[in-house]
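Observations on chain architecture
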Amino acid sequence: MTPRVSLVTLGCARNEVDSEELAGRLADAGLDLVSEPSQADAVVVNTCGFVASAKKDSIDTMLAAADLKGAGGPQAVIAVGCLAERYGTELADELTEVDAVLGFDDYSDIADRVRRVLDGERPPAPQPQDRRLLLPLAPAERNAQMNGAVNGAHASPHDQVGPASGPRTPRRLLSGSPIAPVKIASGCDRRCSFCAIPRFRGSFVSRHASDIVDEARWLASRGVREVFLVSENSTSYGKDLGDLRMLERLLPQVAKLEGIDRVRVSYLQPAEMRPSLVEAMASTPGVAPYFDISFQHASGPLLRRMRRFGDAEQFLSLIESIRALEPRAGIRSNVIVGFPGETEDDVDVLTSFLSAARLDVVGVFGYSDEDQTEAAGLSGHLSEAEIERRRQHVDQLAEQLTAERAADRLDEHVEVLVEEVDDDGAVGRAAHQGPEVDGTVTLPGVRHAVGSWVSAQVVASEGADLVAR
């Protein structure tokens, strides 16, 4: 019988793309895709390994899938994704309920790996490694090496350096959402002291613009109306291809595609934001004036300990330049509190910055040590209780400020892309609201189909969410 596979995705939009690429490979190899793990022969869990809470969610999900094994349920649970790549053999040894742990280098042969696991084999788990060492240090040298790999034994250069993200990778949509992420690059060259992502995701590698445009066109043919350009650091897009302004040229190409009504960009580094990119994102027709900027903090000295750049004054200047071009622009960010060495004065700088910035959404995270990061060895670690106290303090302020920012949008005209419809009406998102992580717009009494556009006026707000008619 044809093996049935269920893919469970955790983590960010980049993982969602990886899962759909894995689904494409599995389907092309003749395996059946099913949505419910209980109906599958193999459950493939695409894990997240970013922070402690995400790791716990991934492990809990794998254990829940393993509990289904037995008569009529799945025969095997397979771990892939960031947690699997990051911990590899250690995860396989400690989580014996999981039948296989596969790394990024297994993606190109995922169908064969699943079949082998169902036949009772246990493929070797990946040995943890620093994937930054797989490509040249100089970004400009990477493209030549990867192009050479295409003409060699490998079908795709991305198969040997990281998660599949190149044009040769098939993709199978796993949801009926009118919004779909498109990966424009993989990896990261930044060295933030708290972050382990570059180590297990590898060096920054851009996709060619023509491949991205082709994929967006393919998505449009399948009912997608908004594409969400994602990567570990979208502001670096094109630097390894010799064009630091390639994103500015890519945006209008995608926005003018037939069927694509809105383009959104995520994961922006404030230190790499440039006036030309701000203008392109704020002024290009069809591009959402939506700025997902990773500030992380506002205290200059603390940001240096994080191996980051900028301070409250520079960040406020950036925000001012965005709103000068588009006052209604959506601006969101994440911040970390309790970083080693953070003082009460640093917290005051952060809260003053948030009060002045009036961001649409702020994610507040308490610091936790990550394996093999510089920050784990820094002096000045705070107690877990103190970190949580500071996190709650900043989070309460952030919730108040985002609610006030949403209330400022009363009477504002919004174009809403409908994502859900029920007996009470429709729910969707306006241009300033990114998928999953930001607020929504409720449209009482509206019965438009998913994927429809509704012009409306904001009449109420609750937290970051809006009500419009």
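In the block above lies the structure referred to throughout.
For the structure given in this document, a descriptive report is provided here. Source: prediction; values computed, not measured. (Residues numbered from 1 in each chain as written. Predicted model: local features only at pLDDT ≥ 70, side-chain atom pairs only at ≥ 80, totals over all residues. Heavy atoms only, no water.)

1. Concerning empty space enclosed by the protein
Condition: Only protein atoms enter the calculation, which uses a 1 Å grid: trapped sets of points that fit a 1.4 Å probe without letting it out are cavities, open sets showing protein on both sides within 12 Å along at least five of seven lines are pockets, and any residue with an atom within 4 Å of a point is a lining residue. Grid points are joined across faces, edges and corners, and a volume is the space filled by probe spheres set on the points. For helices the rule is a DSSP run of H or I covering at least 4 residues; for strands it is a run of E covering at least 2, with both sets numbered from the N terminus onward. Amino acids outside the nonpolar list (Ala, Val, Leu, Ile, Met, Phe, Trp, Tyr, Cys, Pro) and the charged list (Asp, Glu, Lys, Arg) are all regarded as polar, and Gly is one of them.
Evaluation of the coordinates by the stated rule reveals three cavities of 30 Å³ or more. Roughly 70 Å³ of volume is contained in the second largest cavity. Residue contributions to the lining of the second largest cavity peak at three residues, all from helix 13 (residues 384-407). Here the lining of the second largest cavity is composed, by residue class, of four nonpolar, four polar and four charged.

2. A short note on the sheet that holds strand 17 (residues 453-462)
Quick note on the threshold: Note on pairing: DSSP must find at least two bridges between two strands before they are called paired. Here an axis means a line fitted to C-alpha atoms, over the contact stretch when the element is a helix, while the angle between two N-to-C directions is reported on a 0 to 180 degree scale.
Spatial ordering of the closed barrel is given by 14-15-16-18-17, a layout of five strands whose pairing is mixed. Taken pair by pair, the neighbouring strands of this sheet meet at an average axis angle of 50°, ignoring direction. As judged from the four bridges shared by strand 17 and strand 18 (residues 465-468), these two strands associate in the antiparallel manner. Bridge pairing in strand 18 links valine 458 to alanine 468.

3. As for the layout of surface pockets
Space inside the second largest pocket adds up to approximately 350 Å³. If you trace the second largest pocket, you find 21 residues lining it, with Arg262, Ala288, Pro289, Arg328 and Ala431 closest to the centre. Elements with a contribution of two residues or more to the lining of the second largest pocket: helix 9 (275-283) and strand 14 (413-422). Among the elements that take part in the lining of the second largest pocket, strand 14 stands out by supplying three residues, more than any other.

4. A look at the environment of valine 265
Our working rule: In this description, contact between two residues means that some pair of their heavy atoms is separated by no more than 4.5 Å.
Locating valine 265 in the fold gives a position in strand 10 (residues 262-265). The residues contacting valine 265, other than those within four sequence positions of it, are Phe228, Leu229, Ser234, Leu247, Leu251, Met281, Tyr290 and Asp292.

5. Concerning the sheet that holds strand 2 (residues 32-33)
Reading across the sheet, the five strands line up as 2-1-3-4-5 and stay open at both edges, with parallel pairing between neighbours. Both outer strands of the open sheet, strand 2 and strand 5 (100-101), are each paired with one neighbouring strand and no more. For strand 3 (residues 42-47) and strand 4 (residues 76-81), the ladder comprises six bridges, and the chain directions are parallel. In the strand pairing of strand 4, alanine 42 is matched with alanine 76. Sheet strands touched by helix 2 (residues 52-67): strand 1 (4-9), strand 3 and strand 4. Its angle to strand 3, the strand with the most contacts, is close to 175°.

6. Observations concerning the packing of helix 1 (residues 13-28) against helix 4 (residues 110-118)
For clarity, the threshold we go by: Any angle that falls under 35 degrees is termed roughly parallel, while one over 145 is termed roughly antiparallel, one within 65 to 115 roughly perpendicular, and all others oblique.
At a minimum axis distance of 8 Å, the contact between helix 1 and helix 4 shows a crossing angle of 70°. Between helix 1 and helix 4, the angle falls in the class roughly perpendicular. Contacts between helix 1 and helix 4 involve Leu22, Arg25 and Leu26 from the former and Ile110, Ala111 and Val114 from the latter.

7. Points about the pattern of salt bridges
Let me state the cut-off plainly: A pair is scored as a salt bridge if a Lys or Arg side-chain nitrogen falls within 4 Å of a carboxyl oxygen belonging to Asp or Glu. Exposure categories follow from relative accessible area, calculated using a 1.4 Å probe and restricted to protein chains: below 20% of the type maximum is buried, above 50% is exposed, and the middle band is partly exposed.
Applying the stated criterion to the full structure yields 46 salt bridges. For aspartate 130, the salt bridge identified is with arginine 199, shortest N-O distance 3.5 Å. Taken together, the residues aspartate 130 in the loop between helix 4 and helix 5 (139-150) and arginine 199 in helix 6 (residues 197-201) connect sequence positions 69 residues apart. Given a relative accessible area of 24%, arginine 199 falls into the partly exposed group. A salt bridge links arginine 390 to glutamate 386, with the nearest nitrogen and oxygen atoms 2.7 Å apart. With arginine 390 and glutamate 386 both in helix 13, this residue pair falls four residues apart, about one helical turn. We classify arginine 390 as buried; its relative accessible area is 7%. What you see here is one network of salt bridges that share partners, running through Asp106, Asp109, Asp112, Arg113, Arg116 and Glu121.

8. What to know about the packing of aromatic side chains
To be explicit about the condition: Pairing of aromatic rings covers Phe, Tyr and Trp, the last through its six-membered ring, and needs centres within 6.5 Å; plane angles under 30 degrees mean stacked, over 60 mean edge-to-face, and all others mean tilted.
Summed over all chains, the structure comprises six aromatic pairs. Between phenylalanine 104 and tyrosine 107, the ring centres sit 5.5 Å apart and the planes meet at 80°, which makes this aromatic pair edge-to-face. According to the relative accessible area criterion, phenylalanine 104 is buried, its value standing at 1%. In this structure tyrosine 107 comes out as buried when scored by relative accessible area, which is 2%. Look at phenylalanine 295 and phenylalanine 315: their rings are 4.6 Å apart centre to centre, the planes differ by 40°, and that puts the pair in the tilted class. Of this pair, phenylalanine 295 sits in the loop between strand 11 (290-292) and helix 10 (300-305) while phenylalanine 315 sits in helix 11 (residues 312-325), and the two are 20 residues apart along the sequence. By the burial criterion, phenylalanine 295 is buried, and phenylalanine 315 matches it.

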